[in-house]
2 protein chains.
Amino acid sequence: MEAVTDPSVGDALAARAARVRDAMQQVGVDALLLSLGADLPWLTGYTAMPLERLTMLVLPADGDATLVVPGLEAPRVAEHPGLFSVLPWAETDDPVAIVAGLVGRRVTLGISDRCWATFLLQLQARLPEASWLAASTVTSPIRAVKDAAEIAALRRAGAAADRVAAQLVAGEIPLIGRTEAEVSADIGRRLRAEGHDKVNFAIVGSGPNSASPHHEAGRRVIGAGESVVCDFGGTMAGYCSDITRTVWTGGAGPASQFRDLYAVLQAAQAAAVDGATVGTPCEDVDGIARRIISDGGYGDAFIHRTGHGIGLEEHEDPYLVGGNCTALVPGHAFSIEPGIYLAGEYGARIEDIVVAADAGPDALNAVDHDLAVVDA
Amino acid sequence: MEAVTDPSVGDALAARAARVRDAMQQVGVDALLLSLGADLPWLTGYTAMPLERLTMLVLPADGDATLVVPGLEAPRVAEHPGLFSVLPWAETDDPVAIVAGLVGRRVTLGISDRCWATFLLQLQARLPEASWLAASTVTSPIRAVKDAAEIAALRRAGAAADRVAAQLVAGEIPLIGRTEAEVSADIGRRLRAEGHDKVNFAIVGSGPNSASPHHEAGRRVIGAGESVVCDFGGTMAGYCSDITRTVWTGGAGPASQFRDLYAVLQAAQAAAVDGATVGTPCEDVDGIARRIISDGGYGDAFIHRTGHGIGLEEHEDPYLVGGNCTALVPGHAFSIEPGIYLAGEYGARIEDIVVAADAGPDALNAVDHDLAVVDA
């Protein structure tokens, strides 16, 4: 972590903390205990290390915030005066006892969704009177609505991912004769070259593996005449990208069934993007894609939701899934990524990131959606 | 995940499961609920994705194990007949309800230490009669003692990290004039080139940043006449490496105080390695290093424990820290990594991985421990 010298950063964080305190009052939460996940960096600029030494911000509704941090990591913390104080603990201290002491008699506590279960269990043992809920109950409705600076950051990350996807559909990333893992590593290098600080994932599923939505790129050598699903993203200045394009290897082109499947998918994805308007419930956007794919005869082969929110985390609220009645508001940022998967044969997925806006859905990815046949 | 075709892998996993079931009986745990972290891959060969869709193995002491997995990830699961069955859930299912149904009337439940808190809270709400503990209570004493195949895997990973560290101390990795982040990325590339599947971290702390033990490699340009702490590791065939060497940039060589500091550190690290014998309590190994550093006048500047266990996870039991009375047994694998840090000036750390063995401490790293002065 570099020291933050721009005082406006501290102001922005303080404004977020004020909104969170308001939400805590409304929800009736006495203190937030923030550790792993995006809430902590969103509020403080500091990211906890995902290790066995506890880092936890104690943010009471009625008092000052304190960041409990391992002593050896304290030099990494860029302080923002007035926002929180830093309380380092030594190697033989019990950080859970320190957190419990800061919590005191407060009883309704919100803990980071991604905090390790072992720390929650230790805190529950120390604070037997407390009742617990996920911190996202307070933070997620706020974090899900991106401000202008956040949308700009997502747009930059999306444009960088687009440049790699454009190389893919143009046949500039060799596929035939390479393993999925080699192509995955190549995509990762290109994401970094285009400005990403970190590669979060680069799924490359070829042939029958393209029918496995979360396939881990492996030792399979990509052949000619195959579907290749490439779904990749990373982090750029803290914000995430996520894009999927499916290409077909080989000049003879895909079988007619795959062309049909892809046409249905492309229509569904485009319609869902168009339908992601302000005021539309998330589940209705999912329904748009699902109906077109079902009408096309592939309903059983669309085995996942249509999309997920994106921001500091790759997956966050709002989720475009049946049962989620949340209506889209300006600033909601999410993926639209239907897929069709025929087990043992092939699959396809198309994904863009979209921001809901009063002027209509604002797609952050623009790479051609037509089926690319690549000869490389 | 590649399909596992070697049947002996299934046998090895089944043997681990049998030992875990024995330990569950002894501890009095009715079921383990395994999600994120190393317990699940150690027992099943399958690693849960760290995402909002719950993956959880329900392993009852008295019945068959079931892996509850998101439907879209089910194609990734390599099944081992007899070890566990797979229960995929659809996007609009509630996986917590499915897990609770499998738990049934069992009351003492062990949950993965690294499972997200939000899932534990949901499970607690569904299973109000249950009492909870960390799964590591059962698994960690078993996992901490590595078998011959695991030690061989750690040795291979250590040798690969050694080859990169040898390049560092030989001056083959350019430092002067590059940013810490550039050197970190270079070290990462070299770890991959030497056989690592994944780079877990590559700390590069130069000048005053070398006094920050968990410094994140940043934009600082490394100059001549500076201490540079390089602490890096990755994963190779599932097992982790972790090594630290500190070098000095520039031919004139370090100031006499740094030479003194380094000599004390080197003596402390070597003595702690030599003292890590079978039967020695973990805290005594820490004490060996701490006493030498204190006697050398730097006691307040050694601000962290002496080491951590290593295996499928970078940090796991046993921890070499004050208060840990666990006696070393053959097969315990851990780091020995004292450090001395003078805030605002410089710091140094030396780290090797060591396996406790009847024949004496078995160091998996062998790169020269003398202070290297590199001119590159």
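The residue numbering used here restarts from 1 in each chain and proceeds along that chain's sequence as written. Chain letters and ligand numbers both follow the written order, the letters beginning at A and the numbers at 1. Given that the model is predicted, a residue must reach a pLDDT of at least 70 before its local features are reported, and side-chain atom pairs must reach 80 or more before they are shown or counted; all residues, however, enter totals for whole chains, interfaces and linings. With hydrogens and water excluded, all non-hydrogen atoms of the structure serve as input to the side-chain values.

Quick look at helix α6 (residues 148-169) of chain A now. Residue and element names in this part refer to chain A. Runs of E in the DSSP output that reach at least two residues are strands. Runs of H or I that reach at least four are helices, and both are numbered from the N terminus. How far a helix is expected to stretch is found by multiplying one less than its residue total by 1.5 Å. If you check α6, its first and last C-alpha atoms are 30 Å apart, about what 22 residues at 1.5 Å a residue would give, namely 32 Å. Here a polar contact means two N or O atoms within 3.5 Å. Within protein one must be a hydrogen donor candidate and the other an acceptor candidate, and residues neighboring in sequence count only if both atoms are side-chain atoms. The distance from a side-chain oxygen at the start of α6 to the backbone nitrogen of A149 is 3.1 Å, and the residue carrying that oxygen is D147. Phi turns positive, to about 80 degrees, at G171, one or two residues after α6.

Here the idea is simple: oppositely charged side chains can pair when their charged atoms come close. Salt bridges are defined as contacts in which a side-chain nitrogen from Lys or Arg sits within 4 Å of a carboxyl oxygen from Asp or Glu. Throughout the structure, instances matching the rule amount to 40 salt bridges over all chains. The salt bridge involving E316 of chain A is made with K146 of chain A; its shortest N-O contact spans 2.5 Å. Here K146 of chain A lies in the loop between α5 (136-143) and α6 and E316 of chain A lies in strand β12 (residues 316-320), a separation of 170 residues in the sequence. Here E316 of chain A and K146 of chain A have matching classes, each one buried. Between E52 of chain B and R305 of chain A there is a salt bridge, with its nearest N and O atoms 2.5 Å apart. Of this pair, E52 of chain B sits in the loop between α2 (39-44) and β2 (56-60) while R305 of chain A is found in the loop between α9 (282-295) and β11 (307-309), placing the two residues in two different chains. Each of the salt bridges in this network shares a partner with another, and the network as a whole consists of D39, R114, R143, K146, E313 and E316 of chain A. The classification of residues rests on relative accessible area computed with a 1.4 Å probe and restricted to protein chains. Under 20% of the type maximum is buried, over 50% is exposed, and intermediate values are partly exposed.

Residue contacts are counted whenever heavy atoms from the two residues lie within 4.5 Å of one another. In this assembly, 42 residues from chain B lie in contact with 42 residues from chain A. Defined here as a combined quantity, buried area equals the accessible surface (1.4 Å probe) lost by two parts on assembly, summed across both. Between chain B and chain A, the buried area comes to about 3600 Å², and carbon and sulfur atoms account for 57% of it. Our count for the contact surface shared by chain B and chain A stands at 19 residue pairs in polar contact (both at pLDDT 80 or more). If you list the elements that add at least two residues to the side of chain B that touches chain A, you get α4 (117-126) and β6 (131-134) of chain B. Looking at the side of chain B that touches chain A, the element that brings in the most residues is α4 of chain B, giving 5 residues. Gly falls in the polar group here, along with every residue not listed as nonpolar (Ala, Val, Leu, Ile, Met, Phe, Trp, Tyr, Cys, Pro) or charged (Asp, Glu, Lys, Arg). Its residues assigned to classes, the side of chain B that touches chain A shows 19 nonpolar, 12 polar and 11 charged.

This part takes up unusual backbone geometry. The residue after D317 of chain A, namely P318 of chain A, is reached through a cis peptide bond having omega 0 degrees. The backbone phi angle of A237 of chain A is positive, close to 50 degrees, even though this residue is not glycine.

The next point concerns the pairing of strand β8 (residues 227-236) of chain B. Walk down a regular strand and you will see the side chains alternate between the two sheet faces. Residue and element names in this part refer to chain B. Within β8, 10 of the 10 residues are buried, which leaves it mostly tucked inside the rest of the structure. Of the two faces of β8, the one lined by S227, V229, D231, G233 and T235 and the one lined by V228, C230, F232, G234 and M236 are each fully buried. Where β8 meets strand β10 (residues 243-249), 6 bridges bridge the pair, whose relative direction is antiparallel. Considered in β10, the bridge of C230 is made with R245. What makes two strands pair is DSSP finding at least two bridges between them. As judged from the 2 bridges shared by β8 and strand β9 (residues 239-240), these two strands associate in the antiparallel manner. Following the sheet pairing, T235 is matched in β9 by C240.

A word on the relation of the copies chain B and chain A. Two copies of a chain can be linked by a rotation about an axis combined with a shift along that same axis. Overlaid copies result from least-squares superposition on C-alpha atoms, with residues included only where pLDDT is at least 70 in both. Take chain B, turn it by 180 degrees, move it 0.0 Å along the axis, and it overlays chain A with an RMSD of 0.0 Å. Here the copies are linked by what is in effect a two-fold axis. By residue overlap, the copies meet face to face through one surface: 100% of the interface positions of chain B are interface positions in chain A.

In this section: the domain arrangement of chain A. Where interface size is given, it is often the accessible area lost as the parts come together that is meant. All names here are of chain A. The split into domains, and so the bounds of each, comes from an automatic or database assignment of domains. When the domains of chain A are assigned, the result is domain 1 (7-143) and domain 2 (148-374). Its C-alpha centre places domain 1 at a distance of 34 Å from the equivalent point of domain 2. Listed by partner, the interface residues are 7 residues for domain 1 and 7 residues for domain 2. Summed over both partners, the interface of domain 1 with domain 2 comes to about 560 Å²; 34% of that surface belongs to carbon and sulfur atoms.

This part is about the environment of A144 of chain A. Residue and element names in this part refer to chain A. With respect to the secondary-structure elements, A144 resides in the loop between α5 and α6. With 180 residues separating them in the primary sequence, A144 and N324 have C-alpha atoms 14 Å apart. Not counting chain neighbours up to four residues away, the residues in contact with A144 comprise D317, P318, G331, H332 and A333.

Residue and element names in this part refer to chain A. Within the element layout of this structure, R178 appears in the loop between α6 and α7 (180-193). The exposure class assigned to R178 is buried, which follows from its relative accessible area of 18%. The spatial distance from the C-alpha of R178 to the C-alpha of R245 is 18 Å, given a sequence separation of 67 residues. With near-sequence residues (within four places) excluded, R178 lies in contact with I173, V183, D186, R189, R220, V221 and I222.

To continue, consider the packing of aromatic side chains. All names here are of chain A. The aromatic pairing rule takes the rings of Phe, Tyr and Trp, using the six-membered ring of Trp, and pairs them if the centres are within 6.5 Å, calling planes under 30 degrees apart stacked, those over 60 edge-to-face and the rest tilted. Scanning all chains against the criterion turns up 10 aromatic pairs over all chains. When the ring of W116 is compared with that of F119, the centres are 6.0 Å apart and the planes differ by 15 degrees; the resulting orientation is stacked. With respect to class, W116 is no different from F119; both count as buried. Measuring from centroid to centroid gives 6.4 Å for F258 and Y262, while their planes differ by 35 degrees, and the two rings are tilted. A residue pair is termed a helical-turn pair when its members lie 3 or 4 positions apart in one helix, as F258 and Y262 do in helix α8 (residues 256-275) at 4 residues.

A separate point is the environment of T137 of chain B. All names here are of chain B. With respect to the helices and strands, T137 occurs in helix α5 (residues 136-143). Its relative accessible area of 40% is what places T137 among the partly exposed residues. In this structure the C-alpha to C-alpha distance between T137 and D358, which are 221 residues apart in sequence, comes to 26 Å. Side-chain polar atoms of T137 contact the backbone oxygen of A134, separated by 2.8 Å.

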